[in-house]
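# Tertiary structure, described
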Amino acid sequence: SHASEWWRHAVIYQVYPRSFADADGDGTGDLAGVRSRLPYLASLGIDAIWFTPWYVSPLADGGYDVADYRAIDPQFGTLADAEQLIREALDLGIRTIVDVVPNHVSAQHRWFQEALAAGPGSPERERFWFHPGKGPDGDEMPTNWVSDFQGTTWTRTTNPDGTPGEWYLHLFSPEQPDLNWDHPDVRREHEEILRFWFDRGAAGIRIDSAALLVKDRTLPEVPAEPGPGGHPHADRDELHDIYRAWRAIADEYPEPRVLIGEVWLPDVERFTRFLRPDEMHTAFNFDFMARPWDAEQLRESIRATLASHAPVAATPTWVLSNHDVTRPVTRYGREDSSFAFTKKRFGTPTDLDLGTRRARAAAVLVAALPGAMYVYEGDELGLPEVEDLPREAIQDPMHFRSEGVDPGRDGCRVPLPWTRGGSSFGFGADGAAAPWLPQPAGWGELSVEAQEQDPASMLALYRAVTARRRAEASLADAPLVWREDAGSDVLAFTRGDVAVIANLGEQPVAVTGEILLASAPDGGPALPRDTAVWVRVTP
Ligand code: TEU
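Just so you know, these numbers come straight off a predicted model, no measurement behind them.

Between helix α11 (residues 352-366) and helix α14 (residues 458-471), the least distance of the axes is 10 Å, while the angle of their chain directions is 10°. In terms of axis orientation, α11 runs roughly parallel to α14. Between α11 and α14, the contacting residues are Arg360, Ala363 and Val364 on the first element and Met458, Leu461, Tyr462 and Val465 on the second.

Our focus in this paragraph is α14. Between its terminal C-alpha atoms α14 stretches 20 Å, which fits the 20 Å expected from 14 residues at 1.5 Å a residue. Among the residues making up α14, those that are buried are Met458, Leu459, Leu461, Tyr462, Val465, Thr466 and Arg469. Down the axis of α14, the smallest arc covering the buried residues is 160°, so these residues share one side.

Taken together, 14 residues lie around the ligand, and Tyr64, Asp148, Phe172, Trp264 and Asp324 are the ones closest in. Residue composition of the shell around the ligand, grouped by class: 5 nonpolar, 3 polar and 6 charged.

The subject of this paragraph is the sheet that holds strand β6 (residues 130-131). Spatially, the 3 strands line up as an open sheet ordered β6-β10-β9, and their pairing is antiparallel. On the outer flanks of this sheet lie β6 and β9 (154-158), each paired with one strand and no other. Two elements, β9 and strand β10 (residues 164-169), share 4 bridges in a ladder whose sense is antiparallel. Within β10, the position partnered with Thr158 by the bridge is Pro164.

Looking now at the packing of helix α5 (residues 184-199) against helix α6 (residues 239-250). Relative to each other, α5 and α6 sit at 30°, their axes nearing to 10 Å. By the angle between their directions, the pair α5 and α6 is classed as roughly parallel. Here α5 and α6 pass one another in a crossing that is right-handed. Along the contact surface, α5 presents Arg187, Glu191, Leu194 and Arg195, while α6 presents Ile242, Ala245, Trp246 and Ile249. In terms of residue class, the contact of α5 with α6 is made up of 5 nonpolar, no polar and 3 charged.

A few words now on the environment of Ala295. With respect to the element layout, Ala295 can be found in helix α9 (residues 295-309). The spacing of Ala295 and Thr153 is 142 residues in sequence and 39 Å in space, taken between C-alpha atoms. Among all residues touching Ala295, those that are not within four sequence positions of it are Ser488, Asp489, Val490, Leu491, Leu504 and Gly505.

Looking at the protein, the pLDDT average stands at 95 and 98% of residues meet or exceed 70. At the level of individual helices and strands, the protein shows its lowest average pLDDT in helix α12 (residues 397-401), which scores 83, and its highest in strand β1 (residues 11-15), which scores 99. Both scores are given for the predicted complex: the pTM is 0.97, the ipTM 0.95.

Reading guide: rules and limits
Residues numbered from 1 in each chain as written. Predicted model: local features only at pLDDT ≥ 70, side-chain atom pairs only at ≥ 80, totals over all residues. Axes fitted to C-alpha atoms, helices over the stretch in contact; angles between N-to-C directions. Helix = DSSP H or I, 4+ residues; strand = E, 2+ residues; numbered from the N terminus. Parallel < 35°, antiparallel > 145°, perpendicular 65-115°, else oblique. Contact = placed C-beta atoms within 7 Å. Expected span 1.5 Å × (residues − 1). Buried ≥ 20, exposed ≤ 12 C-beta atoms within 10 Å, placed from the backbone. Arc of directions from axis to C-beta. Near = placed C-beta within 6 Å. Nonpolar A, V, L, I, M, F, W, Y, C, P; charged D, E, K, R; others polar. Pairing = 2+ DSSP bridges. Left-handed = near helix turned anticlockwise from the far one by under 90°. pLDDT = per-residue confidence, 0-100.

In structure tokens:
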């Protein structure tokens, strides 16, 4: 029954361990820091924490370059710390989701090091995509595939004797060689990794870059318009066998473990093919976050999402941001609030008060939608994107590969402020090393300490949102019914005995009835622009 499927209506909070809390004072967050803040996490009314990768890693891509999937990076702690954290969180009713990175490994991973040493033609190389180059000297790349990290996808190796050697494939940075998913070792290894974390109490996994993994062995160029299943390195039909095998493992547990896919595909039909009873339980819906702050656009996104999930009986998810994208208060504070996935820009004019007002309304709106809700750490504090990081502080590979043109994604990864004062606003104790990314001077005003003293704060709003969401049984299962009498600038629907109204237009909207939750103190009875409320429906 759905009652036991906790993930269908969950609030899942994303912890980026490097930036959450620094217990040992080295400037980098750690698991002891997270443990010390578990009461805070419980106070947010969340059901689960998703940890971005905490494994041994050179951190060439913030941990998405894993050198050892069964050990915690010493900067973050130990395996024992992780086990203790999982247990202590569960004691507070909070489940743990771990991040699994199957498309690629770190170049420091034992397998890749062995492959380099063993040389061309060796079985060690077959776990990856080593290939001779084109042209008489082999100095042209095997394909012209383009990397998400704004560059080419092949890097040439040097043979043990110093001569130029084969090339290897990396859809991301050169420090992240792609695995060959046709190889049985690769499949077996990942199935064991899943069991390793499930056995340690992980309630589920977030699957990184889940639509990549499998590649067309003949290495064709990417066609101008790849039809369904016709892309050489994305969304290939063979992927579904992998996730079916994973689902079978997840279902072996008394409380079945949950598969959450990062399936980044614009085609909704192809997207929902991953959401099946014998495959993934759920996947991130990035469509809502990709839309500008515009009622028509958001309504269309909600309609399309519900319509695509219904036929497969899948639960939608609602995501306002994550560690890869511009923070919502900044995005919504721009004239063009449409999503900039890779194109973050330095110094775009931004009205943070406006953006904050809208981000508050967005939180109230998405919390009332059917499905699960994701909250990226710091969004509950209304942190803005930090757009003036000193260039030399930036560590994201996107920034380097673009030769500094793209600011990269570090602006949403700045360590959290916990206290009004202190050398790192409580991220580490006073006297601790400077945080790995510098915090803005005014950060103390956005700290947990400051916001806990202010009932009108973003933090107070998020706590009210999750508490109300829990209290209203309708929100767990009642269908969404649009109110047809609302103007085009207004999103209005009911879910059982809760009515939801979000006014994105200039004219105030009349609201009657008991207000259960409001995104702003002036929320109703004349609901102003950029405000959302929940109201009791009386029969
Ligand atoms: O991101 C996958 C993904 O879709 C990215 O390539 C995205 O296009 C990019 O981040 C632009 O913002 C996942 C992780 O979320 C990301 O942090 C990793 O860098 C990437 O995989 C590689 O593991």
